[in-house]
Amino acid sequence: MMARPRRQQIPCTAPDFSARRDPSMFSRMGMRMTKPLVELTSAVIEALPAQLGVYEIVDDTGTTVKIGYAGGNEPFGMRTALERELGPDRETEHALRFRHEFTHGYLTRSQELLMIYQADHGQLPSGNARHEGTLGRLSPLPEAGGN
Amino acid sequence: MDLMLSDEQQLIVDTVRRYVQEEIVPLEADLDPDAGELHPDDQARLIEKTRQMGFYGLDIPKEFGGPGIDVTTRALMAIEMSQHRAGLYNPCYGTFGGAGLAQLYEATDEQKERYLFPTLRGEKKGCFALTEPSGGSDPARAIQTRGVQDGDEWILNGSKLYISGADKADFALVFARTSDDPGRNGVTAFIVDTDTPGFHVRRVVHTLRSTHYATEIQFDEMRVPASNILGELNRGFAIANDRLSRQRIPYAAGCLGAAIKAQEMAIDWAKNREAFGGLLAEKQAIQWMIVDNEIDIRHARYCILEAAQKADRGERFRTEAAMAKLVASEGSGRVVDRAIQIHGGVGVTKDLPLERWYRELRIRRIGEGPSEVQRLIMAREILGGSFK
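Along every chain, residues carry numbers that run from 1 in the direction the sequence is written. Starting at A for chains and at 1 for ligands, labels are handed out in the order in which the entities are written. The predicted nature of this model means local features are confined to residues of pLDDT at least 70 and side-chain atom pairs, given and counted, to a pLDDT of 80 or more, with totals for whole chains, interfaces and linings taken over all residues. Side-chain numbers come from the whole structure's heavy atoms, not from hydrogens or water.

1. Some thoughts on the overall build of chain A
Put simply, the test is: To qualify as a helix, a DSSP run of H or I must reach at least 4 residues; to qualify as a strand, a run of E must reach at least 2; elements of each kind are numbered from the N terminus. Note on classification: 1.4 Å probe, protein chains only; a residue is buried when its accessible area is under 20% of the maximum for its type, exposed when over 50%, partly exposed between these limits. Contact criterion: two residues are considered in contact whenever any of their non-hydrogen atoms come within 4.5 Å of each other.
The secondary structure content of chain A amounts to 3 helices and 4 strands. Mapped in sequence order, the helices and strands of chain A form the string β-α-β-β-α-β-α. Split into buried and exposed, the 147 residues of chain A put 41% on the buried side. Long-range pairs, those at least 24 residues apart, make up 69% of the contacts in chain A between residues at least 6 apart in sequence.

What follows is the structure in structure tokens.
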């Protein structure tokens, strides 16, 4: 009699809340944006899908100058939002590179990124001055990683 | 049960309906489809307007300066207040004011001076920290946050999950286990200033509700003065439970408001959209969905008003409130689902509020006690507690 093939083991990705009493569990959450930065040019933007999400723009010194989002009113999602950063009405002057995430939770994710930035640097990016005083306080563990 | 509105109730309903249509809905046209807040200038202008209408601070008891609105009228208002895009979780963008944490009305005079009155004046914000990673539906047994007395202070260690507003709160109502009793008789409520050393908001918890996040908070050797215990030692669960029961009627009414608006949109669409040589409204498949919507809406309305009227008469309304919450949250979810189906492709776009309500109504079946807990509450009363 042939041995019955074993069912493939599907990894359980649900967090183990029972172990959450160990504070180190907090650090396993991907919170910071750590994807590689790419050039912020029209050619790169045009190649992006027209989806909703969040982005971070970094200047030539490596300083984050803006954290923004492509929301539901953008005609072409991320493309429209990033093209605006290149246009005459852009809020930042030295935008050179960027990274992004596609997410339908763009409002909460952008607020989260701003709060983490504020916790890490004690201030907001220069292009986010209008958020001053509107954000909550987050104290993520330093090792709370990215994605 | 009387389903007719009094002249005064009808006037209030009409006033709130006009306010939503004339003041709130036009502003939403310029906001992100998932937005949860108005521009601060609009917010301030509208708060002034609701003050002039005499409706500001709806849920504040009369003895603390509130308008003293009965539960039935409050439910009728909640049905109207949620009939806009952000209405489910931020009815009229908070321009009718909040009541603060209801538990603080039971606080000592000194606690009221420090926390309740500043909250009612809009100077402080509080958050309610009950649910833990170990569970939320049965908080009395799930609470693992531990409080240990050290002289005039208590040292709290543990964590809380899905806590709204902890990152912006000035103080938190924290429930911790303070005795060896594993159930409801070992839980104490503490009022904790969020700048207390050891109070950490560790992360944002993202959900289907993309306009507003929850948080996970951690207490690390956090010292709280014994004078900050709310109510009696080891009797904190009664304080938590009281809130859980009271909130269910307006919570259910909010669900119903979104369903009513979705039904209006579905009927309007069906009467104007043509397919296969006729209006959608002429197709039996669409007619039946509209009728099923109406059944769910009327069922929820009946249950909400029954619970509210019992509460107003001073009768026990725990079962009715649980039934209203269950029927309204589940029924409204079905209504919005059918409204999306009737609309077709445009129903799932962000051009309409339906997709947002669809996501947010899914959460309503869990928030303020999931459907299964509501059934448990009803079963206990219908069958009696002795079968346990």
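From this point, the discussion proceeds with the structure in view.
2. A word on the sheet that holds strand E1 (residues 38-39) of chain A
All names here are of chain A. Our working definition: In this analysis, strands are considered paired if DSSP registers two or more bridges between them. Throughout, an axis means a line fitted to C-alpha atoms (over the contacting stretch in the case of helices), and angles, computed between N-to-C directions, take values from 0 to 180 degrees.
Within the open sheet, the 4 strands sit side by side as E1-E4-E2-E3. Their pairing is antiparallel. In this open sheet, the two edge strands, each paired with only one partner strand, are E1 and strand E3 (64-70). Note that strand E2 (residues 53-58) and strand E4 (residues 97-102) share 6 bridges and pair antiparallel. The residue bridging Val 58 from the neighbouring strand is Arg 97, located in E4. Those strands touched by helix H2 (residues 77-86) are E2, E3 and E4, and its axis lies near 25° from that of E2. In the packing of helix H3 (residues 106-121) onto the sheet, contacts are made with E2, E3 and E4, and the angle to E3 comes to roughly 165°.

3. Some details on the domain arrangement of chain B
Put simply, an interface is often sized by how much accessible area is lost when its parts join up. Residues and elements named next belong to chain B. Let me state the cut-off plainly: Residue ranges for the domains trace back to a domain assignment, done automatically or taken from a database. Defined here as a combined quantity, buried area equals the accessible surface (1.4 Å probe) lost by two parts on assembly, summed across both. Salt bridge, as applied in this entry: a Lys or Arg side-chain nitrogen positioned within 4 Å of an Asp or Glu carboxyl oxygen. Counting of polar contacts relies on pairs of N or O atoms within 3.5 Å, with two restrictions inside protein: one atom must be capable of donating a hydrogen and the other of accepting it, and residues adjacent in sequence are counted only when both atoms are side-chain atoms. Gly is put with the polar residues, along with every residue not named as nonpolar or charged; the nonpolar set is Ala, Val, Leu, Ile, Met, Phe, Trp, Tyr, Cys and Pro, and the charged set is Asp, Glu, Lys and Arg.
Parsing chain B into structural domains produces domain 1 (7-103), domain 2 (126-230) and domain 3 (240-383). Taking only C-alpha atoms into account, the centre of domain 2 sits 32 Å from that of domain 3. Contacts between domain 2 and domain 3 engage 10 residues on the former and 11 residues on the latter. Each partner contributes to the roughly 830 Å² buried at the junction of domain 2 and domain 3, and carbon and sulfur atoms together form 67% of this total. By the criterion of area lost to domain 3, the three top residues of domain 2 are Phe 128, Ser 137 and Leu 208, representing 53% of everything that side buries. Counting the contacts that link domain 2 with domain 3 gives 0 salt bridges. Seen at the junction of domain 2 and domain 3, the total is 2 residue pairs in polar contact (both at pLDDT 80 or more). Of the residues that constitute the side of domain 2 that touches domain 3, the class distribution is 4 nonpolar, 4 polar and 2 charged.

4. Some words on the nonpolar core
Heads up, the rule is: Nonpolar cores are built from buried Ala, Val, Leu, Ile, Met, Phe, Trp, Tyr and Cys residues. Side-chain atoms within 4.5 Å join them into one set.
Core analysis: the largest hydrophobic core is formed by 47 residues, its most contacted members being Ile 249, Ile 304, Leu 354 and Trp 357 of chain B. Where this core is concerned, the elements lending two or more residues are helix H3 (71-81), helix H7 (248-272), helix H8 (284-312), helix H9 (318-343), helix H10 (354-364) and helix H11 (371-383) of chain B. The biggest single contributor to this core is H7 of chain B, with 13 residues. Of the residues that make up this core, three or more belong to each of domain 1 (7-103) and domain 3 (240-383) of chain B. Apart from the residues within four sequence positions on either side, Leu 354 of chain B is in contact with Ala 262, Met 265, Val 336, Ala 339, Ile 340, His 343 and Gly 347 of chain B. Formed by 36 residues, the second largest nonpolar core is a distinct cluster that contains Ile 116 and Leu 135 of chain A together with Cys 127 and Ile 229 of chain B.

5. Quick word on the pattern of salt bridges
Scanning all chains against the criterion turns up 32 salt bridges over all chains. Close ionic contact of Glu 101 of chain A with Arg 109 of chain A constitutes a salt bridge, the shortest N to O distance being 2.7 Å. According to the relative accessible area criterion, Arg 109 of chain A is buried, its value standing at 6%. Within the structure, one salt-bridge network assembled from shared partners comprises Glu 23, Asp 42, Arg 45 and Lys 49 of chain B.

6. What about the packing of H7 of chain B against H10 of chain B?
All names here are of chain B. What counts here: Oblique is the label for any angle not under 35 degrees, not over 145, and not in the 65 to 115 range, which are roughly parallel, roughly antiparallel and roughly perpendicular in turn. By convention the crossing between two helices is left-handed if the near helix lies anticlockwise of the far one by an angle smaller than a right angle, and right-handed if it lies clockwise.
The contact between H7 and H10 brings their axes to 11 Å, and the two run at 150°. Here H10 runs roughly antiparallel to H7, going by the angle between their axes. As H7 runs across H10, the sense of the crossing is left-handed. Taking contact as the criterion, the partners of Tyr 251, Gly 254, Cys 255, Ala 258, Lys 261, Ala 262 and Met 265 in H7 are, on H10, Leu 354, Trp 357, Leu 361, Ile 363 and Arg 364.

7. Some thoughts on H3 of chain A
Residues that lie three or four places apart on an α-helix share one face, since the helix turns once every 3.6 residues. Put simply, the test is: For a helix, the expected span equals 1.5 Å multiplied by the number of residues minus one.
Its 16 residues give H3 of chain A an end-to-end C-alpha distance of 22 Å, which sits within 8% of 22 Å, the value for a rise of 1.5 Å per residue. All of the buried residues in H3 of chain A are Tyr 106, Leu 107, Thr 108, Arg 109, Ser 110, Glu 112, Leu 113, Leu 114, Met 115, Ile 116 and Tyr 117 of chain A. Packed against the buried residues of H3 of chain A are E2, E3 and E4 of chain A together with strand E6 (199-205) of chain B. Positioned one or two residues after H3 of chain A, Gly 122 of chain A has a phi angle of 75°, which is positive.

8. Observations concerning the confidence of the model for chain A
Residues and elements named next belong to chain A. Heads up, the condition is: The pLDDT value tells you how sure the predictor is about a given residue, anywhere from 0 up to 100.
Scored by pLDDT, chain A comes out at a mean of 81, with 71% of its residues at no less than 70. Here residues 7-12 is a poorly scored stretch, pLDDT under 50, and it has 0 contacts once near neighbours within four places are set aside; other chains count. Scored below 50 in pLDDT, residues 19-25 makes 13 contacts in the model with residues more than four places away or belonging to other chains.

9. Observations concerning a nonpolar patch on the surface
Quick note on the threshold: Patch building starts from residues that exceed 30% relative accessible area and form no salt bridge, then joins like charges within 9 Å and nonpolar side chains (Val, Leu, Ile, Met, Phe, Trp, Tyr) within 5 Å. The accessible surface values rely on the Shrake-Rupley method and a 1.4 Å probe; as for residues, cover is taken only from the protein chains in view.
A cluster of nonpolar side chains, contributed by Met 1, Leu 3 and Tyr 302 of chain B, occupies part of the molecular surface with about 280 Å² of accessible area. One can find Leu 3 of chain B in the segment before helix H1 (7-28).

10. Focus on the interface of chain A and chain B
Taken together, the contacts link 29 residues of chain A with 30 residues of chain B. Viewed at the interface, chain B and chain A are joined by 0 salt bridges. Where chain A packs against chain B, one counts 11 residue pairs in polar contact (both at pLDDT 80 or more). By residue number, the principal contributor to the side of chain A that touches chain B is H3 of chain A, which donates 7 residues.

11. Observations concerning the pairing of strand E4 (residues 171-177) of chain B
Walk down a regular strand and you will see the side chains alternate between the two sheet faces. All names here are of chain B. Burial runs high along E4: 7 of the 7 residues are buried. Relative to E4, strand E1 (residues 126-129) runs parallel, the two being bridged by 4 bridges. Note on E4: the bridge partner recorded for Phe 128 is Leu 173. Here E4 pairs with strand E5 (residues 187-193) via 7 bridges, running antiparallel. By the bridge assignment for E5, Arg 177 is matched with Val 187.

12. So, the packing of H9 of chain B against H10 of chain B
All names here are of chain B. Their axes nearest at 9 Å, the elements H9 and H10 cross at an angle of 155°. With respect to H10, the axis of H9 lies roughly antiparallel. Viewed along their axes, H9 and H10 form a crossing whose handedness is left-handed. Note on element contacts: H10 touches H9 through Leu 354, Glu 355, Trp 357, Tyr 358, Leu 361 and Arg 364, opposite Lys 325, Ser 329, Ser 332, Gly 333, Val 336, Asp 337, Ala 339, Ile 340 and His 343. Classifying every residue of the contact of H9 with H10 by side-chain character gives 7 nonpolar, 4 polar and 4 charged.

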